Amino acid sequence: GNTGGAARRANFVFLATFRLLEQLLDYGYRSGIDTTLFLTPVHVVFVDLWYHLASENVWRETHRRIAELNEHLAQQYHRAPFPLWGFGAQPGVVDEPIPRQRDIDSAWFNDGVHFRPKTAGAIRDTLFGNRPGFGTALSSSNINAYLNEIDSLRKQFVEGDTTFTTKFRQAYQPTDD
């Protein structure tokens, strides 16, 4: 895991960013703005990288805190929580084989983090109710199951392509400050 100065800076940035999210959501609830939240998909190899550079606990806690914050503010303003969707546990998307450049047109991601237009279309269609079965409606009551699904997809990918995963992890070794 990541230690030292880099971890302290990452925690500071996380807390500052989370405070901005809290302010934004508070404004939306206070102002009666219809809002839908969603957690973008990333390839599971990047989830694995997060585990090794930061920690699995930080990754999980970030997701849990977003769901809890949304529900807390909704309760504070006597409103239903904003819809919160997660797209990180979508089999065949977040665990797709890493495409060669010649296969990129059929891929869900350009590079594992930046998704392609077909992924954006599937997210859009889900958010507007036109694509059942893609994505997961999230709350504090099901966020752990959702995170476990992502972790299961991550483990299957890592075990299925140990050569790629090892090279990928080695390429992104943290540096001590």
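Please refer to the structure higher up on the page.
What counts, and at which threshold
- Residues numbered from 1 in each chain as written.
- Predicted model: local features only at pLDDT ≥ 70, side-chain atom pairs only at ≥ 80, totals over all residues.
- Heavy atoms only, no water.
- Helix = DSSP H or I, 4+ residues; strand = E, 2+ residues; numbered from the N terminus.
- Buried < 20%, exposed > 50% of the residue type's maximum accessible area, 1.4 Å probe, protein only.
- Contact = heavy atoms within 4.5 Å.
- Phe/Tyr/Trp six-rings, centres within 6.5 Å; stacked < 30°, edge-to-face > 60°.
- Pairing = 2+ DSSP bridges.

S.K.: How should I be thinking about the environment of Ala107 in this particular structure?
M.R.: Here Ala107 shows up in the loop between β2 (84-86) and α4 (117-127). Residue class for Ala107 comes out buried when judged on its relative accessible area of 3%. Sequence separation between Ala107 and Lys118 is 11 residues; the distance between their C-alpha atoms is 8.7 Å. Setting aside its immediate chain neighbours within four residues, Ala107 contacts Glu96, Pro99, Arg116 and Lys118.

S.K.: Please clarify how the packing of aromatic side chains should be interpreted in this entry.
M.R.: The geometry of an aromatic ring pair comes down to the distance between the two centres and the angle between the two planes. Summed over all chains, the structure comprises seven aromatic pairs. Residues Trp108 and Phe134 carry aromatic rings whose centres are separated by 5.9 Å and whose planes lie at 25° to one another, so their mutual orientation is stacked. On the criterion of sequence distance, the pair formed by Trp108 in the loop between β2 and α4 and Phe134 in the loop between α4 and β3 (136-137) is long-range, its members being 26 residues apart. Of the residues examined, Phe134 reaches a relative accessible area of 5% and is grouped as buried. What links up through ring pairs into an aromatic cluster is the set Phe38, Trp85, Phe87, Trp108 and Phe134.

S.K.: Please clarify how the sheet that holds strand β1 (residues 37-39) should be interpreted in this entry.
M.R.: Sheet strands line up and pair through hydrogen bonds in the backbone, either parallel or antiparallel. Strand order in the open sheet formed by three strands is β1-β2-β3, and the pairing between neighbours is mixed. The open sheet has two free edges, formed respectively by β1 and β3, since each of these has just one partner strand. The sheet contact formed by β1 and β2 spans three bridges and is parallel. Pairing of Leu37 across the sheet is with Leu84, part of β2.

S.K.: Can you walk me through the side chain of Asp48 in this structure?
M.R.: Residue placement: Asp48 occurs in helix α2 (residues 44-53). Beyond its immediate chain neighbours, meaning those up to four positions away, Asp48 contacts Arg154, Val158, Thr165 and Arg169.

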